[in-house]
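Report on the structure
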Number of protein chains: 2
Amino acid sequence: MSRPFSRVTSYDVARLAGVSQSAVSRCFKPGASVSRKMREKVMKAANELNYTPNAIARGLITRRSNMVAVVVSSRMNFYYPELLFQLTDKFSDRGVRVLLFNVNQEEDVGRHLSQIWQYQADGVISAAYLSIEQHRRLRGHNIPVVMFNRYFDDYATNSVWCDAGTATSEMIDHLINFGHRRFALLNGPEDSMVNRERMRLVRQALKRHDLEPVTQAWGNYRYESAAVAVQEIRNAGKKVTAIIAANDMMAMGALDEIRNVMGLSVPGDVSVVGFDGINAGRFASYELTTIRQPIRRMTEAAVAMLVDRMEEPDTTDEKRVLTGAFVQGTSTGQAPA
Amino acid sequence: MSRPFSRVTSYDVARLAGVSQSAVSRCFKPGASVSRKMREKVMKAANELNYTPNAIARGLITRRSNMVAVVVSSRMNFYYPELLFQLTDKFSDRGVRVLLFNVNQEEDVGRHLSQIWQYQADGVISAAYLSIEQHRRLRGHNIPVVMFNRYFDDYATNSVWCDAGTATSEMIDHLINFGHRRFALLNGPEDSMVNRERMRLVRQALKRHDLEPVTQAWGNYRYESAAVAVQEIRNAGKKVTAIIAANDMMAMGALDEIRNVMGLSVPGDVSVVGFDGINAGRFASYELTTIRQPIRRMTEAAVAMLVDRMEEPDTTDEKRVLTGAFVQGTSTGQAPA
């Protein structure tokens, strides 16, 4: 092909800039400490010579590609773009680039997996489903993995997790104080660990008030899936005054279905809550009562954890658990008489 | 570091599988044609030997990294995640991975630019601002570029563009037919080419009816920026019955401000329209009247165009212009008397 590799070397740049060759290397090494003056001198010379350090060739020497794979799923869940852009910015600050793997169905992970080592990613953050077997294969290639918002009960790994226990209690107390006693659950997919855990916490909090859900339905975490689920809850024929959705996207879909299709009032007739604390849930049409993940802290933790393991592969596995916060919006209010 | 490169070669895999070495190569070359039976044989042998073709080492030989840089901006504009995931899926189908560059401010592009060639990206799709100078530098490194939703008037380049001319006429006709005569413009950033072009089309369509906007205000394309802009439009003291926003995010913000903060009706008191046709604009709380970009076609065109240039660098520059569609929602209606 017609793209020749640059013939100019760091030595040429060093000579023109009047500095040492190692100073030039430092200027092009992400995260290395270099004075502003040195950097200016070197960059001026590098530009004049059209010098390009070759990150890939460098990777073959350092055994580092300075790339990580980020695996996300569910394009129509606004949670993932927020997560992805935060991770990308934080890796970028450390001179690491993100190779994006989007899995539209969680089963797609397998299809992408071998590319992660083919491209020599230095590490993986997965916010999508990864089986223990897939996890083992990545480790077999000495690629550290951090699971985001997921972990295994029976297989040690690195993970960042949000504990919503206290916040879920507060959310249920808040609804009980508003007179709610008849709750419906709007679940995510049945095989979702996040859904199972969130609903377990909800049931546990209800139980403390000697309550259990009067009915439940299932969606797929997407906005669109909530409409049918809400109709199912209504068709179950049991009076319900509060709907607890497994994520904000479905809470928004439920709220719109109740308000704009059924013509009922939220929260006048039905209160609706979600989980995640996504930005769209704060829009004035929704103002969801929800449990907010500390996503900034969680992405910081995941990036730091992965970079640590890239630098010291023998570091022991760690699970970092950050605490979710109950956030009161206007989607909840007094239960109807 | 402790990650050794695999010592197993394609020759070992070929021998174990009982096939030719070139058959093994084909099995690991994205997009190459291989029978299912052959693939199974080879993959079985490769798994047994824990064989990993090294995409980066391969890249040094083929001069292809099989990675492209995708540059997006404005995390709080839901348009970009849609675009990004569509591009990623389409590149993935062609065996090409996306290196993500997120620029929170368009000025950040410069900071990231040199990484695009350091990582040996085979090409770039930029949906963020790129100056002619920056464009030239990428070309100087023989990296083909496709600009998404942007082009230069005075510098030939590859671009994919949405022509909203006809659709804008239809939108204005639609509003005129509903009795609207007093329009306010809710602009995007003053230096945005997309904003300039959209507003030029709006003014041109109004002019055909001997009208011009009675007032205007500016936002930054984000939801939050519309609230202040709408207040400014109101404070200008001129009666307005329709607000034309430069994108859907601001139209959603305007609609929420009018409905939920000012307590007025949309479209009873004011009609609101946007541009883009993002998914969130279809949510029942909004149901925006808008001009929808054919984003699937546009991303297909951009990916095909870039891959063409990666394979045949001397291909002449091309601008592909797809047509936007007027979509009537419920955010527009009869003008108040």
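Because the structure is a prediction, the values reported are computed rather than measured.

A few points about the pattern of salt bridges
The final tally for this structure, using the stated rule, is twelve salt bridges over all chains. The salt bridge involving Asp276(B) is made with Arg198(B); its shortest N-O contact spans 2.9 Å. Taken together, the residues span a long stretch of sequence, with Asp276(B) in the loop between β9 (271-273) and β10 (290-292) and Arg198(B) in helix α9 (residues 193-207) at a distance of 78 residues. Both residues of the pair, Asp276(B) and Arg198(B), count as buried. We note a salt bridge from Arg296(B) to Glu300(B), for which the minimum N-O separation is 3.2 Å. Pair noted here: Arg296(B) and Glu300(B) are both in helix α12 (residues 295-311), with a separation of four residues, about one helical turn. With relative accessibility at 45%, the residue Arg296(B) sits in the partly exposed group. Overall, Glu300(B) belongs to the partly exposed group, its relative accessible area being 30%. Through salt bridges with shared partners, a single ionic network connects Arg296(A), Arg297(A) and Glu300(A).

Side note on helix α1 (residues 10-17) of chain A
Residues and elements named next belong to chain A. Ser10, Val13, Ala14 and Ala17 are the residues of α1 that are buried. What you see down the axis of α1 is that its buried residues fit within an arc of 100°, all on one side. Tucked inside the fold, the buried residues of α1 contact α2 (21-28) and α3 (36-49). Phi turns positive, to about 70°, at Gly18, one or two residues after α1.

Quick look at the nonpolar core
Of all hydrophobic cores here, the largest spans 167 residues; its most connected members are Phe91(A) and Phe91(B). Those residues within four positions of Phe91(B) in sequence are excluded, and the remaining contacts are Val68(B), Val70(B), Val96(B), Val98(B), Ile125(B), Val303(B), Leu306(B) and Val307(B). Ile116(A), Trp117(A), Val145(A) and Trp117(B) belong to the second-largest nonpolar core, a separate cluster that totals 42 residues.

Focus on unusual backbone geometry
A negative phi angle characterises most non-glycine residues, just as the trans form characterises most peptide bonds. In the segment running from Val266(A) into Pro267(A), the intervening peptide bond is cis, with an omega of 10°. Unusually for a residue other than glycine, Asn149(B) sits at a positive phi of about 65°. Structurally, Asn149(B) is set in the loop between β4 (145-148) and β5 (158-163). In this structure, Asp276(B) is a non-glycine residue whose phi angle is positive, near 130°.

With respect to the sheet that holds strand β8 (residues 242-245) of chain A
Residue and element names in this part refer to chain A. Spatially, the four strands line up as an open sheet ordered β7-β6-β8-β9, and their pairing is parallel. Bordering the open sheet on either side are β7 (215-218) and β9 (271-273), each of which pairs with just one other strand. For this sheet the average axis-to-axis angle between neighbouring strands, irrespective of direction, equals 20°. One ladder, built from four bridges, connects strand β6 (residues 183-187) with β7; its direction is parallel. Paired with Leu185 across the two strands is Gln216, which belongs to β7. Its contacts with the sheet put helix α9 (residues 193-207) on β6, β7 and β8, and the angle it makes with β6 is roughly 170°. Set on the sheet, helix α11 (residues 248-261) makes contact with β6, β8 and β9; between it and β9 the angle comes to about 160°.

Some remarks on the packing of aromatic side chains
Evaluation of the coordinates by the stated rule reveals twelve aromatic pairs over all chains. Relative to Phe283(B), the ring of Tyr223(A) lies with its centre 3.7 Å away and its plane at 5°, an arrangement referred to as stacked. Residue Tyr223(A) is located in the loop between β7 and α10 (225-235), and its partner Phe283(B) is located in the loop between β9 and β10; the two belong to separate chains. Accessibility assignment for this pair places Tyr223(A) and Phe283(B) in one class, buried. Put simply, the rings of Phe78(A), Tyr223(A), Phe283(A), Phe78(B), Tyr223(B) and Phe283(B) touch in pairs and so form one group of aromatic residues. The ring of Phe101(B) has Arg97(A) lying over it, and the distance from NZ or CZ to the ring centre is 3.9 Å. Geometry around Tyr151(B) places Lys319(B) over its ring, the cationic atom sitting 3.4 Å from the centre.

Structural notes on the pairing of strand β1 (residues 67-73) of chain B
All names here are of chain B. Most of β1 sits out of view: seven of its seven residues are buried. The pairing of β1 with strand β2 (residues 97-103) spans seven bridges and is classified as parallel. Its bridge partner being in β2, Val72 is matched across the sheet by Asn102. Here β1 pairs with strand β3 (residues 123-126) via four bridges, running parallel. Looking across to β3, one finds that Val71 is bridged to Ser126.

Description of the domain arrangement of chain A
Under the domain assignment used here, chain A contains domain 1 (1-49), domain 2 (67-162 + 295-321) and domain 3 (163-293). Relative to domain 3 of chain A, the C-alpha centre of domain 1 of chain A lies at a distance of 56 Å.

A few points about the environment of Val13(B)
Residue and element names in this part refer to chain B. With respect to the element layout, Val13 can be found in helix α1 (residues 10-17). Given the relative accessible area of 0%, Val13 is considered buried. Taking the C-alpha atoms as reference, Val13 lies 9.2 Å from Asn47; in sequence the two are 34 residues apart.

Thresholds applied
Residues numbered from 1 in each chain as written. Chains lettered and ligands numbered in written order. Predicted model: local features only at pLDDT ≥ 70, side-chain atom pairs only at ≥ 80, totals over all residues. Heavy atoms only, no water. Salt bridge = Lys/Arg side-chain N within 4 Å of Asp/Glu carboxyl O. Helix = DSSP H or I, 4+ residues; strand = E, 2+ residues; numbered from the N terminus. Buried < 20%, exposed > 50% of the residue type's maximum accessible area, 1.4 Å probe, protein only. Arc of directions from axis to C-beta. Contact = heavy atoms within 4.5 Å. Core = buried A, V, L, I, M, F, W, Y, C linked by side-chain atoms within 4.5 Å. Pairing = 2+ DSSP bridges. Axes fitted to C-alpha atoms, helices over the stretch in contact; angles between N-to-C directions. Phe/Tyr/Trp six-rings, centres within 6.5 Å; stacked < 30°, edge-to-face > 60°. Lys NZ or Arg CZ within 6 Å of the ring centre and 35° of its normal. Domains from an automatic or database assignment.

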